[in-house]
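One-letter residues, chain by chain:
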Amino acid sequence: SAVISQKPSRDICQRGTSLTIQCQVDSQVTMMFWYRQQPGQSLTLIATANQGSEATYESGFVIDKFPISRPNLTFSTLTVSNMSPEDSSIYLCSVSTSGVYNEQFFGPGTRLTVL
Amino acid sequence: DAKTTQPPSMDCAEGRAANLPCNHSTISGNEYVYWYRQIHSQGPQYIIHGLKNNETNEMASLIITEDRKSSTLILPHATLRDTAVYYCIVRRQTGANNLFFGTGTRLTVIP
């Protein structure tokens, strides 16, 4: 298994500002993902964080709004740029380990409120 | 990845078995059935997965029909701590490793 930590755990931000969320894994992992969970909703995949190259974004998500970095196999950041109240969500980091079962593990999430 | 259909909510008495159904009628031959759950204010937690045989681990059992078009997750003795949203997901074992979540079933275990 993989132990995932996220910083910050929660934040309250003003509209128009940006917030960078960090994700740290206790072991090297093959894949890292970022999800968003809006209030009362299911999880939506934002992008796959690729080590040393640009992230792969899902439909409806763009790099200018959600820039992602992944400098190595254990760390990634997601920035929520030029925030609006509609960005208020829980943002979750997820990792997938290599091996037979390709299990996917999730971090505790970052609860973001935009005023 | 194939879509899944789950009832939006279910109740279960504490100590009884909780049976959570999932329909995945368009599942492909190389797609697995995964179950995750999300307890309030936490990230999703892996429960179990299977291809076509029934599976059991320390958390639950997974029963997959012979035609693989539906499955049931069984929590044999539900406790209050099992109250959560349960997600049934089908995906390929290789290639894209990311999970796509549906709306899930909100299970409430009643004392």
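Residues numbered from 1 in each chain as written. Chains lettered and ligands numbered in written order. Predicted model: local features only at pLDDT ≥ 70, side-chain atom pairs only at ≥ 80, totals over all residues. Heavy atoms only, no water.

Comments concerning the state of the cysteines
Every disulfide links exactly two cysteines, by a covalent bond between their sulfur atoms. For the structure shown, the criterion picks out 2 disulfides over all chains. Cysteine 23 of chain A supplies the cysteine sulfur nearest to cysteine 13 of chain A, a cysteine that is in no disulfide, at a spacing of 18 Å. (Disulfide = S-S within 2.5 Å.)

Concerning the sheet that holds strand 2 (residues 18-23) of chain B
Residues and elements named next belong to chain B. An order of 2-7-6-5 is seen for the 4 strands of this open sheet, with the pairing classed as antiparallel. Two strands lie at the open edges of the sheet, namely strand 2 and strand 5 (55-56), each paired on one side alone. Alignment of strand 2 against strand 7 (residues 70-75), held across 6 bridges, turns out to be antiparallel. Looking at the pairing, asparagine 23 lines up with serine 70 of strand 7. (Pairing = 2+ DSSP bridges. Helix = DSSP H or I, 4+ residues; strand = E, 2+ residues; numbered from the N terminus.)

Regarding the pattern of salt bridges
Residues and elements named next belong to chain B. If you walk through the whole model with that rule in mind, you get 2 salt bridges over all chains. Its salt-bridge partner being aspartate 82, residue arginine 37 comes within 2.8 Å of it at the nearest N-O pair. Of this pair, arginine 37 sits in strand 3 (residues 31-38) while aspartate 82 sits in the loop between strand 7 and strand 8 (84-92), and the two are 45 residues apart along the sequence. One exposure class covers both arginine 37 and aspartate 82, and it is buried. (Salt bridge = Lys/Arg side-chain N within 4 Å of Asp/Glu carboxyl O. Buried < 20%, exposed > 50% of the residue type's maximum accessible area, 1.4 Å probe, protein only.)

Observations regarding the pairing of strand 8 of chain B
Residue and element names in this part refer to chain B. Most of strand 8 sits out of view: 8 of its 9 residues are buried. Here 8 bridges tie strand 3 to strand 8, and the two strands are oriented antiparallel to one another. Within the sheet, the bridge partner assigned to tryptophan 35 lies in strand 8 and is cysteine 88. With 3 bridges joining them, strand 8 and strand 9 (residues 105-110) adopt antiparallel strand pairing. The residue of strand 9 that forms the bridge with tyrosine 86 is threonine 105.

What about unusual backbone geometry?
The residue after lysine 7 of chain A, namely proline 8 of chain A, is reached through a cis peptide bond having omega -10°. By the secondary structure assignment, proline 8 of chain A is in the loop between strand 1 (4-7) and strand 2 (10-13). We note that asparagine 82 of chain A has phi near 45°; this positive angle belongs to a residue other than glycine. Inspection of the secondary structure puts asparagine 82 of chain A in the loop between strand 8 (75-80) and strand 9 (89-96). Of note in this structure, arginine 68 of chain B is not a glycine but carries a positive phi near 65°. As for its position among the elements, arginine 68 of chain B is in the loop between strand 6 (61-64) and strand 7. Arginine 68 of chain B gets classed as buried once you look at its relative accessible area, which sits at 10%.

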